[in-house]
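Architecture at a glance
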Amino acid sequence: MSGSVAPTQRVAVALLLCAFLKSGAALALRPATLPLGTPPPAEAMPRVEFVFEERVTLAPATVLGDTDLGHRQYIPITGGSVAGPKLKGEVIPGGWDFQLGYPGGCGTLSADYFLRAEGGTVIHILNQAFNCGIAGPGGERSWFRPTFEAPKGSAYEWLTRGTFVASLELEGPIAPAAAGSSPGKGAPAMAIRIKFYQIK
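The present account deals with the structure reproduced in this document.

Each value, and the rule that gives it
- Residues numbered from 1 in each chain as written.
- Predicted model: local features only at pLDDT ≥ 70, side-chain atom pairs only at ≥ 80, totals over all residues.
- Heavy atoms only, no water.
- Helix = DSSP H or I, 4+ residues; strand = E, 2+ residues; numbered from the N terminus.
- Buried < 20%, exposed > 50% of the residue type's maximum accessible area, 1.4 Å probe, protein only.
- Contact = heavy atoms within 4.5 Å.
- Polar contact = N/O pair within 3.5 Å; in protein donor to acceptor, adjacent residues only side chain to side chain.
- Core = buried A, V, L, I, M, F, W, Y, C linked by side-chain atoms within 4.5 Å.
- Phe/Tyr/Trp six-rings, centres within 6.5 Å; stacked < 30°, edge-to-face > 60°.
- Lys NZ or Arg CZ within 6 Å of the ring centre and 35° of its normal.

Along the chain, Lys 86 turns up in the loop between β3 (71–83) and β4 (89–101). On the basis of relative accessibility, which here comes to 33%, the residue Lys 86 falls in the partly exposed class. Residues Lys 86 and Val 51 lie 35 residues apart in sequence; the distance between their C-alpha atoms is 5.2 Å. Leave out the neighbours within four places in its chain, and Lys 86 touches Glu 49, Val 51, Tyr 156, Trp 158, Gln 198 and Lys 200. Only 3.5 Å separates the side chain of Lys 86 from the side chain of Glu 49, close enough to count as a polar contact.

This is the structure in structure tokens:
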């Protein structure tokens, strides 16, 4: 008859129901031993692993100036190098670091560029943050949230799947300002160091 359930199907459904009830009962009987919000034990806490560092060279900023949203500018990425225990290579010239500064000194940045690993694999990186300046001794430390996109099947596919944080340090000017140049156009180029850590 249409709508009837075959005996074998009834048996399968009964077995699945029993398994579900058993697991549910076990969960229901398991006591909540710690109050909500109790820090987990040390072995369950995330840890970080240093994976590589970039030295990124930057051209002078192109400044839009103050808008209703804040102070807008972008900085061209001109190249750089990558070194570390899990990645070595170079920063491909041609990326951008878009910045929006808010009154009070904080702001957002979004750096979008590419790396080339040893062996030729190209990797996309998007590094984003809300920060309040590069901290000095005793100041607030800024952390960045990089995401990676590596080719499927490559030795660097783990970058796509991983979760990372990064810290940034100013290395200082790498070229002097041109004499008599207008503001912005004559600003010295810079180099920065970015350290990347994977959360495990």
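Read on for the rest.
Before going further, it helps to examine the nonpolar core. Ranked by size, the top nonpolar core spans 29 residues in total, and within it Phe 52, Tyr 113, Leu 115, Ile 123 and Phe 196 carry the most contacts. Elements that contribute at least two residues to this core include exactly β1 (48–58), β3, β5 (107–117), β6 (122–131), α2 (157–161), β8 (164–173) and β9 (190–199). In terms of residue count, β5 provides more of this core than any other element does, 5 residues in total. Those residues in contact with Phe 52, other than ones at most four positions away along the chain, are Val 82, Ala 83, Gly 84, Leu 87, Leu 115, Phe 148, Leu 159, Ile 194, Lys 195 and Phe 196.

A few words now on the packing of aromatic side chains. All chains considered together, the criterion is met by 10 aromatic pairs. Chaining the aromatic ring pairs together yields one cluster made of Phe 52, Phe 148, Trp 158, Phe 164 and Phe 196. Positioned above the aromatic ring of Trp 158 is the side chain of Lys 86, whose terminal nitrogen or guanidinium carbon lies 5.3 Å from the ring centre.

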